[in-house]
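The chain contents come next:
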Amino acid sequence: MGFSLASGAGKPYDFAGVANIVTKNTKNDVQDDLAKIQRSPHSMASWQHAQQYLLNGRHAPALTSYRNLVQQFPGVSQLWAELGIAAAGDLDFTLANQASQRAAELASADASLLVSIGQQYHRLRRLKQACACFERAVAAEPSSVHARLSLAAWFERDRRLDEAWECVVTCLAQHPKDIRALYFKAFLLHRKGLNGEAET
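Residue numbering note: each chain is counted from 1, following its sequence as written. Per-residue local features are limited, in this predicted model, to residues with pLDDT of at least 70; the limit for side-chain atom pairs, both in listing and counting, is 80 or more; totals at the level of whole chains, interfaces and linings are taken over all residues. The basis for the side-chain values is all heavy atoms of the structure; hydrogens and waters are excluded.

1. Regarding the nonpolar core
Nonpolar side chains tend to gather and get buried jointly when the protein is soluble and globular. Definition used in this section: a nonpolar core is a set of buried Ala, Val, Leu, Ile, Met, Phe, Trp, Tyr and Cys residues joined via side-chain atoms within 4.5 Å. Exposed residues in this analysis have more than 50% of their type's maximum accessible area, buried residues have under 20%, and partly exposed residues fall in between, with area computed by a 1.4 Å probe over protein chains only. Grouped together as the largest cluster of nonpolar side chains are 55 residues, with contacts concentrated most on Tyr66, Leu79, Leu83 and Ile117. Here the element with the most residues in this core is helix α9 (residues 145-157); it accounts for 8 residues. Leu79 has contacts with Ile37, Trp47, Tyr66, Leu69, Val70 and Phe73, leaving out every residue within four places of it along the chain. Secondary structure elements follow DSSP: runs of H or I of four or more residues count as helices, runs of E of two or more count as strands, with numbering from the N terminus. Every residue pair with non-hydrogen atoms within 4.5 Å of one another is taken to be in contact.

2. Here we look at helix α4 (residues 59-72)
Here, expected helix span is obtained from the residue count minus one, scaled by 1.5 Å. With 14 residues, α4 should reach 20 Å at 1.5 Å per residue; the first-to-last C-alpha distance of 20 Å fits that figure. Taken residue by residue, α4 has Ala62, Leu63, Ser65, Tyr66, Arg67, Leu69 and Val70 as its buried positions.

3. As for the pattern of salt bridges
What makes a salt bridge here is a side-chain nitrogen of Lys or Arg within 4 Å of a carboxyl oxygen of Asp or Glu, nothing more. With the rule as written, the count across this model stands at 6 salt bridges. Residue Lys192 is joined to Asp162 by a salt bridge in which the shortest nitrogen-to-oxygen separation is 3.1 Å. You can see Lys192 sitting in the loop between α11 (179-191) and α12 (195-198) and its partner Asp162 sitting in helix α10 (residues 161-174), a full 30 residues away along the chain. In this structure Asp162 comes out as exposed when scored by relative accessible area, which is 58%. Taken together, the salt bridges that share partners define one network made up of Asp158, Arg160 and Glu163.

4. A closer look at the packing of aromatic side chains
For Phe, Tyr and Trp, where Trp contributes only its six-membered ring, two rings pair if their centres lie within 6.5 Å, and the inter-plane angle classes them as stacked under 30 degrees, edge-to-face over 60, or tilted in between. All chains considered together, the criterion is met by 2 aromatic pairs. Relative to Phe187, the ring of Phe184 has its centre 5.7 Å away and its plane inclined at 70°; by these criteria the two rings are edge-to-face. Pair noted here: Phe184 and Phe187 are both in helix α11, with a separation of 3 residues, about one helical turn. Residue Phe184 is classed as buried on the basis of its relative accessible area of 13%. Note on Phe187: relative accessible area 29%, which makes it partly exposed.

Any link to function would need more than the numbers given here.
Structure, rendered in structure tokens:
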């Protein structure tokens, strides 16, 4: 049984019904939804307006826009992720969690989006789900500095410094001059109490 979110017309929002559409779709159907929205100037304009509402902190109108968009294009993971952000901003944490879950299920190989969803899960205090998204991001794109350092940061917050260190070392092996990885290495050395090494 799904939950309801009142729409502008006073009708309940059938999250479960829309989500079931995605569950029954094939991978090609999901890809088709992204192609369809990109071919529709009206829908792309609606998406851009929704994103602008988010940037301006206007979460209620953003929710209305995203609610309509995911009904039309239920296979677009980015829409679900942004719906989750809008819902959290509107303090509807049930919707935020379920939209984030749907986004994560769809974003199988999109490292950048998985990191974003992981960050959203962290804000929602869903720590196990956050870690899973960061790990999936690294698996999807092992050379991504953003993904690997996001996982390292999660490990550091969880006081798993050895695992954070391993992430950073692996990152630097691939990108030895990346300033973000070098900074994080120095930060971890400081956390480990090895300040002398951090300064070299």
